[in-house]
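# Inside the fold
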Amino acid sequence: MLRKMFNIIRSFLFFLSTLIRKKQYDVIFYYPQHFNRSLDGENVFFKDLLLTCVNNRISYVIFEEPDFTTSSKRSSVAIPFDFLYLLIVFLRKIYGVSLSPVLKDQKIGRIINKLFFRRIHFKKYITISQSMLSVFRGIREDVELYDLQHGIIYNNKKNYLVNGIADDNLVLNDTRLLVNGKGYKDLLISNDRSDYFKTHTFILGSHIFSSKISHVNFNNKILITLQFTRDHSEQENNVLLEELETFILSLEGVMFYLKHHPRFNNEVDLSNIFSLPNVCSAPIYLNECFEVCSLHATFYSSCVFDAAISGIPTVFINSIINFNMFSDDFGYPFSNSVSDFRDLIVYQESSRLVQEWASKYYMPFNQSDFIKLMK
């Protein structure tokens with residue numbers, strides 16, 4: 001509780017100081033706290049962007065939105081946005097339901113601008129998961145807003161592209177997307193009947209690009225990345241739990257390492273599964289998981305790409321819920337079962353195939369392209 005109060009006070013004092021002293025930045029970076037997933041508790045998605053800014057004299061400030069349900073650490077370099085975040089939540093509650101969420105947040109942004117942003121000047125705004133896009137569009141009508149890709153984007157993904165039409169939150173805020181590779185840009189453009197993404201999508205590359213193959217054979221250790229979050233209904237989470245247990249019990253001679261979704265908040269009780277002798281918790285960090293496990297299993301986690309970049313094949317757990325984006329949208333190169341990978345030749349060829357497949361979607365970070373966008 002004391003830590004929360006400290007961050008609120010620190011946040012308030014920062015924005016209070018802007019009423020006295022003008023602050024000018026080329027870029028404002030903004031993100032929710034639960035994206036602090038690195039060993040040192042910092043946001044890895046911004047790491048390359050921030051380093052480029054430092055090396056090229058692009059001034060910036062980082063605002064961190066609090067997440068009171070996460071166990072992620074607070075950043076040591078970001079300014080807490082706690083005070084304004086709580087004010088925004090309050091204003092959302094007192095405004096009527098007649099306004100759409102986008103227009104409501106834009107109106108709130110105009111209020112925030114008059115109160116606390118009159119002497120904060122900036123040219124670009126970069127966020128993750130579309131956080132506060134409408135608020136910052138309300139704060140400044142003339143700045144460029146960018147949403148940095150953090151997970152997988154596929155056809156009919158909520159908040160991006162549904163039934164061939166770009167989402168209002170992007171369009172009404174004139175938001176540009178920064179994607180990890182050409183494969184994502186091509187997917188968006190080819191499924192977009194509104195032609196929005198043709199002019200609003202930029203390939204930036206990714207921090208997770210790698211050319212190393214982690215394993216030469218299947219070592220009977222499988223990493224399972226879980227999808228139990230509030231994104232699913234209680235019924236859906238229970239279905240996934242039953243299907244997960246069926247998958248684990250169907251395989252013998254295998255050790256399973258289970259990794260929670262970063263936003264897992266005890267949506268299901270996994271005690272029965274963890275009581276099994278061949279099930280344990282995975283290491284905290286993905287690179288450590290891939291050092292231990294030579295095979296990956298999931299329903300639809302974006303870690304399919306992380307694994308593929310390291311040359312680790314994925315087995316998709318069968319589900320009655322329709323999670324077919326990896327076959328339909330991304331063209332995952334095979335649909336092998338766990339037993340198939342016991343063959344050395346199959347495993348090694350699959351490693352090569354998945355790494356080649358992932359390279360279309362996760363390209364190396366392009367520093368020069370980022371600089372051009374920020375100048």
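Report follows, based on the coordinates. A quick note: this is a predicted structure, and the numbers were derived from the prediction, not measured.

We now examine the pairing of strand S5 (residues 144-148). Extensive coverage of S5 is indicated by the burial of four of its five residues. Bridge count for strand S4 (residues 120-128) against S5 is five bridges, and the pairing is parallel. Among the inter-strand pairings, Ile-126 is bridged to a residue of S5, identified as Tyr-146. Once you follow S4 into helix H5 (residues 133-139) and on to S5, the crossover reads as right-handed. One ladder, built from four bridges, connects S5 with strand S8 (residues 175-179); its direction is parallel. Bridged to Tyr-146 within S8 is Arg-176.

Moving on, we come to the sheet that holds strand S11 (residues 255-259). Taking strand neighbours across the sheet as the criterion, the five strands line up as S12-S11-S10-S13-S14 in an open arrangement whose pairing is parallel. The sheet is open, and its two borders are formed by strand S12 (279-281) and strand S14 (314-316), each paired with just one other strand. Across this sheet, the average inter-strand angle for adjacent strands is 30°, counted without regard to direction. Of the strand pairs in this sheet, S11 and S12 are connected by three bridges, and their pairing is parallel. From the neighbouring strand, Phe-256 faces S12, where its bridge partner is Val-279. Taken strand by strand, helix H9 (residues 234-249) contacts strand S10 (221-225), S11, S12, strand S13 (295-298) and S14, and its axis lies near 155° from that of S11.

Throughout the structure, instances matching the rule amount to nine salt bridges. Among the ionic pairs, Arg-74 bridges to Asp-82, the shortest N-O distance being 2.9 Å. We note that Arg-74, like Asp-82, is buried. Between Lys-182 and Asp-186 there is a salt bridge whose closest N-O contact spans 2.7 Å. Of this pair, Lys-182 and Asp-186 both sit in helix H7 (residues 182-191), four residues apart, which is roughly one turn of that helix. Looking at Lys-182, the relative accessible area reads 46%, which means it is partly exposed. For Asp-186, a relative accessible area of 35% translates into the label partly exposed. Look at the salt bridges and you will find they share partners, linking Glu-64, Arg-74 and Asp-82 into a network.

Before going further, it helps to spend a moment on the packing of helix H1 (residues 2-17) against helix H3 (residues 82-94). Where H1 contacts H3, the two axes come as close as 6 Å, and the packing angle between them is 95°. When the interaxial angle is binned, H1 and H3 end up roughly perpendicular. For the pair formed by H1 and H3, the contact residues are Asn-7, Ile-8, Ser-11, Phe-12 and Phe-15 on the first element and Asp-82, Phe-83, Leu-84 and Leu-86 on the second. Of the residues belonging to the contact of H1 with H3, the class tally is six nonpolar, two polar and one charged.

For Ser-129, which is not a glycine, the phi torsion comes out positive at approximately 60°. Mapped onto the secondary structure, Ser-129 falls in the loop between S4 and H5. Exposure remark for Ser-129: the relative accessible area of 30% places this residue in the partly exposed category. One non-glycine residue, Asn-220, lies in positive phi territory at about 65°. Residue placement: Asn-220 occurs in the loop between strand S9 (201-203) and S10.

Where helix H2 (residues 47-55) meets helix H15 (residues 367-374), the closest approach of the two axes is 10 Å, and the angle between their N-to-C directions is 70°. Comparing their axes, H15 and H2 come out roughly perpendicular. In this structure, the crossing between H2 and H15 has a hand that is right-handed. Side by side, H2 and H15 meet where Leu-49, Thr-52 and Cys-53 of the first sit next to Gln-367, Phe-370 and Ile-371 of the second. Grouping the constituent residues of the contact of H2 with H15 by class yields four nonpolar, two polar and no charged.

One open sheet accounts for seven strands, arranged S3-S2-S1-S4-S5-S8-S9; its pairing is parallel. Here the strands that pair on one side only, and so sit at the sheet edges, are strand S3 (79-80) and S9. Relative to S3, strand S2 (residues 60-65) is paired through two bridges, and the arrangement is parallel. Among the inter-strand pairings, Phe-63 is bridged to a residue of S3, identified as Ile-79. Sitting on the sheet, H2 is in contact with strand S1 (23-32), S2, S4 and S5, with an inclination near 155° to S2.

Attention now moves to the nonpolar core. Within the largest apolar cluster, 87 residues are counted, with the highest numbers of intra-cluster contacts made by Phe-63, Phe-117, Phe-136, Ile-224, Leu-244 and Phe-330. Take this core: its biggest share by element is six residues, from H9. Once you skip the residues sitting within four places of it in the chain, Phe-136 turns out to touch Ile-28, Tyr-30, Phe-63, Phe-81, Phe-117, Phe-122, Tyr-125 and Leu-145. In this structure, Phe-29, Ile-58, Tyr-146 and Phe-365 belong to the second largest nonpolar core, which totals 22 residues.

Reading the values: the criteria
Residue numbers restart at each chain and count upward from 1, following the sequence in its written direction. Owing to the predicted nature of the model, reporting of local features is limited to residues with pLDDT of at least 70; listing and counting of side-chain atom pairs is limited to 80 or more, with chain, interface and lining totals taken over all residues. Only hydrogens and water are set aside when side-chain values are computed; all heavy atoms of the structure are taken into account. Only protein chains enter the accessibility calculation, which uses a 1.4 Å probe; a residue is then buried when its area is under 20% of its type maximum, exposed when over 50%, and partly exposed in between. Starting at the N terminus, helices and strands are each numbered in turn, a helix being any DSSP run of H or I of at least four residues and a strand any DSSP run of E of at least two. We treat two strands as partners when DSSP finds at least two bridges between them. By convention a crossover is right-handed if, when the strands point away from the viewer, the path from the first strand over the helix to the second runs clockwise. To obtain an axis, a line is fitted to C-alpha atoms, over the contacting stretch when the element is a helix, and the angle between two such axes runs from 0 to 180 degrees between their N-to-C directions. By definition in these notes, contact holds between two residues if any of their heavy atoms fall within 4.5 Å. The rule for a salt bridge is simple: a side-chain nitrogen of Lys or Arg has to be within 4 Å of a carboxyl oxygen of Asp or Glu. Roughly parallel means an angle under 35 degrees; roughly antiparallel, over 145; roughly perpendicular, 65 to 115; everything else is oblique. Asp, Glu, Lys and Arg are counted as charged, while Ala, Val, Leu, Ile, Met, Phe, Trp, Tyr, Cys and Pro are counted as nonpolar; the rest, among them Gly, fall into the polar class. Crossing handedness follows the turn of the near helix against the far one: under a right angle anticlockwise gives a left-handed crossing, and clockwise gives a right-handed one. The criterion is simple. A nonpolar core is a set of buried Ala, Val, Leu, Ile, Met, Phe, Trp, Tyr and Cys residues joined through side-chain atoms within 4.5 Å.

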